[in-house]
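The lines below spell out each chain.
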Amino acid sequence: MSVGIDEISFYTPNYYLDLRTLAEVQQTESEKYYQGIGQEKMSMPAPDEDIVTMAANAAQPLVERVGSGAISTLLFATETGIDQSKAAGIYVHRLLGLNANCRVVELKQACYSATAAIQMACALVTRQPDKQVMVIASDVARYDLDTAGEATQGAGAVAMLISANPRLIEIAPEVGNHTEDVMDFWRPNYRNTALVDGKYSTKVYLKSLKKAWENFVEASSLAFSDFSHFCYHLPFSRMAEKAHKHLAKLNKCGLNPDQLEQQIEDTLYYNRLIGNSYTASMYIGLSSLLENCKQNLAGKRIGFFSYGSGCVAEFFAGTVVVGYEHCLHTLVHKNMLETRQSVSYDEYLSLYRYPDPRDGEHHDIPQGTTGRFRLAAISGHKREYVIC
Ligand code: CAA
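Here goes a summary of the coordinates provided.

Each value, and the rule that gives it
Residues numbered from 1 in each chain as written. Predicted model: local features only at pLDDT ≥ 70, side-chain atom pairs only at ≥ 80, totals over all residues. Heavy atoms only, no water. Near = heavy atom within 4 Å. Polar contact = N/O pair within 3.5 Å; in protein donor to acceptor, adjacent residues only side chain to side chain. Helix = DSSP H or I, 4+ residues; strand = E, 2+ residues; numbered from the N terminus. Nonpolar A, V, L, I, M, F, W, Y, C, P; charged D, E, K, R; others polar. Pairing = 2+ DSSP bridges. Axes fitted to C-alpha atoms, helices over the stretch in contact; angles between N-to-C directions. Contact = heavy atoms within 4.5 Å. Core = buried A, V, L, I, M, F, W, Y, C linked by side-chain atoms within 4.5 Å. Buried < 20%, exposed > 50% of the residue type's maximum accessible area, 1.4 Å probe, protein only. Salt bridge = Lys/Arg side-chain N within 4 Å of Asp/Glu carboxyl O. Patch = residues over 30% accessible without salt bridge, like charges linked within 9 Å, V, L, I, M, F, W, Y side chains within 5 Å. Areas by Shrake-Rupley, 256 points an atom, 1.4 Å probe, with all protein chains shown as cover. Lys, Arg positive; Asp, Glu negative; His and termini not counted. Charge placed at Lys NZ, Arg CZ, Asp CG, Glu CD. Right-handed = clockwise from strand over helix to strand, strands pointing away.

**Side note on the site of the ligand**
- Around the ligand sit 26 residues, and of these Glu 29, Lys 32, Lys 199, His 233 and Lys 242 come closest.
- Lys 32 is positioned such that a nitrogen or oxygen atom in its side chain is 2.7 Å from an oxygen atom of the ligand.
- At 2.4 Å, a side-chain N or O of Lys 199 approaches an oxygen atom of the ligand.
- For the shell around the ligand, the secondary-structure elements that each account for two or more residues are helix 2 (30-37), helix 6 (198-219) and helix 7 (237-250).
- Residue contributions to the shell around the ligand peak at five residues, all from helix 6.
- The class makeup of the residues in the shell around the ligand is eleven nonpolar, nine polar and six charged.

**Concerning the sheet that holds strand 6 (residues 132-141)**
- Spatially, 5-4-6-7-1-8-13-12-11 is the arrangement adopted by the nine strands of the open sheet, whose pairing is mixed. Each of the sheet's edge strands pairs with one partner strand only, and the pair in question is strand 5 (103-107) and strand 11 (229-232). Taken pair by pair, the neighbouring strands of this sheet meet at an average axis angle of 25°, ignoring direction.
- With two bridges connecting them, strand 1 (residues 3-11) and strand 8 (residues 169-179) associate as antiparallel partners. Opposite Gly 4, over in strand 8, you have Glu 170 as the bridge partner.
- Across the sheet, helix 5 (residues 113-127) touches strand 1, strand 4 (71-77), strand 5, strand 6, strand 7 (154-164), strand 8, strand 12 (301-308) and strand 13 (312-320), and the angle it forms with strand 6 is around 175°.

**Topic: the side chain of Thr 193**
- Within the secondary structure layout, Thr 193 lies in the loop between strand 9 (185-186) and strand 10 (195-196).
- A polar atom in the side chain of Thr 193 sits 2.7 Å from the side chain of Asp 144.
- Polar contacts involving the side chain of Thr 193 include one to the side chain of Arg 191, which spans 2.9 Å.
- Ignoring anything within four residues of it in the chain, the contact list for Thr 193 reads Arg 142, Tyr 143, Asp 144, Arg 187 and Tyr 352.

**A few points about the nonpolar core**
- Membership of the largest hydrophobic core comes to 80 residues, with the highest contact counts inside it found for Ile 5, Met 134 and Ile 162.
- Element by element, the count of residues in this core is highest for helix 3 (residues 51-66), at ten residues.
- With residues near it in sequence (within four places) discarded, Ile 5 still touches Ile 118, Met 160, Leu 161, Ile 162, Pro 166, Arg 167, Leu 168, Ile 169, Ile 171 and Leu 286.
- Phe 230, Ala 243, Ala 313 and Tyr 348 belong to the second-largest nonpolar core, a separate cluster that totals 48 residues.

**A look at the pattern of salt bridges**
- Enumeration according to the criterion identifies eleven salt bridges in this entry.
- Arg 65 is paired through a salt bridge with Asp 6; the nearest N and O atoms lie 3.0 Å apart. With Arg 65 in helix 3 and Asp 6 in strand 1, the pair connects residues that are 59 residues apart, well separated along the chain.
- You can call Arg 65 partly exposed: its relative accessible area is 41%.
- Two residues, Asp 6 and Arg 167, come together in a salt bridge whose shortest N-O distance is 3.2 Å. Of this pair, Asp 6 sits in strand 1 while Arg 167 sits in the loop between strand 7 and strand 8, and the two are 161 residues apart along the sequence.
- Here the salt bridges share partners, and the residues they tie into one network are Asp 6, Glu 7, Arg 65 and Arg 167.

**Considering the side chain of Thr 12**
- Mapped onto the fold, Thr 12 is located in the loop between strand 1 and strand 2 (15-18).
- At 2.7 Å, the side chain of Thr 12 and the side chain of Ser 43 are in polar contact.
- Leave out the neighbours within four places in its chain, and Thr 12 touches Ser 43, Ala 155, Gly 156, Ile 274, Met 336, Leu 337 and Arg 340.

**Thoughts on a positive patch on the surface**
- Together, Lys 32, Lys 199, Lys 203, Lys 242 and Lys 245 make up a region of like positive charge exposed at the surface.
- Breaking the positive patch down by element, the ones donating at least two residues are helix 6 and helix 7.
- Among the secondary structure elements, Lys 245 is positioned in helix 7.
- Of the residues examined, Lys 245 reaches a relative accessible area of 55% and is grouped as exposed.

**Remarks on the sheet that holds strand 17 (residues 382-387)**
- Within the open sheet, the three strands sit side by side as 15-16-17. Their pairing is antiparallel. Edge strands, defined here as strands with exactly one partner in the open sheet, are strand 15 (363-364) and strand 17.
- Against the sheet, helix 3 contacts strand 16 (373-379) and strand 17, and its axis sits at roughly 155° relative to strand 16.
- Helix-sheet contacts for helix 4 (residues 88-95) involve strand 16 and strand 17, and the interaxial angle to strand 17 is about 30°.

**Concerning the pairing of strand 5**
- For strand 4 and strand 5, the ladder comprises five bridges, and the chain directions are parallel. Residue Thr 73 lies in a different strand from strand 5, and its bridge partner there is Arg 103.
- As a crossover connection, the stretch from strand 4 through helix 4 into strand 5 is right-handed.

Here it is, written out as structure tokens:
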């Protein structure tokens, strides 16, 4: 019996800032962003959107297909948690009408935790193959204004159904891990924005790739040449290019630059337009590959490198299932990206600075999202979500 990803759907807010607009205000060349970091736009949540509403929007198409009673566990991965105690997935559980017998828990380890959730989901499904587990990764990437990280913000959520005999990706059990206590990127509980040692974080990312890969080849009989494509964690798309060159060099693979680019380029389209979505970003990259690659990927092996600052990294392998192209949400995703609304720099600042009420009074939140779910109010320190 194989286990893996049966279906995948993502959501990103309907507002975005074009990085040309940011470059103009900062008096920086826009090519620094478009080429240097490989990002064009970054999604900005409306005031009535957060990790819960994005997650529910991403997951709804999957629940509509399998039925709300089919999901036995909901694993919610995020590093922009809205509560120190209550799992964000419990709000999603209600919004999607999931069964009261479905367990829900939230996982945290920077951008890595969706991968931990997937491995845990695979283990649960292996024990009970008639069950399906929903993994949701949802994040708002936010840095201080006028910092180097500002251009690498973004927001999005991805939902995946993990099942036996999956229709999209069979996940192999062998993995390579690397964990190390480092301070490359972190967000203390009292801050809304992340702190980051930017250049250092890119170095730790590459070091962790090497270490996780070395651990992977000890556990698996696979070599670099057994993979046709690679999905990397995508804080910004140039990071994947740097990572892939690094891994190719380590393996003395003999491929030329064009061949190396072909192994990753289709994974990058959506993230260039969404920005960083932390836990969700590698899996939005997987959607991008499956939905944009002209070649039929059936039977091809994909290498996944998941990285979460702090840091935990994991390399694992998945094989694309025959007929996968019939199980995608390509049109919905492309339509969502094409119909977003561009914001001016001032509008971006108002979204960025929208108050985060903490006084316990009743605060109605104005409608901004075009999604199906919204945060309607915060009252008595409670978040009130509604279905539009
Ligand atoms: N035309 C083309 N390219 C240009 C250019 C121009 N006009 N101007 C500059 N560039 C290039 C630079 O040469 C550089 O390329 P190389 O990396 O190949 O040298 C690139 O654009 C970026 O320029 P800088 O190095 O000057 O960029 P910066 O110092 O302003 O910031 C950054 C880059 C450190 C990544 C910053 O965006 C940042 O701190 N981001 C947040 C942290 C991050 O994403 N880290 C990634 C690893 S950690 C992780 O993965 C977890 C996570 O999700 C955060």
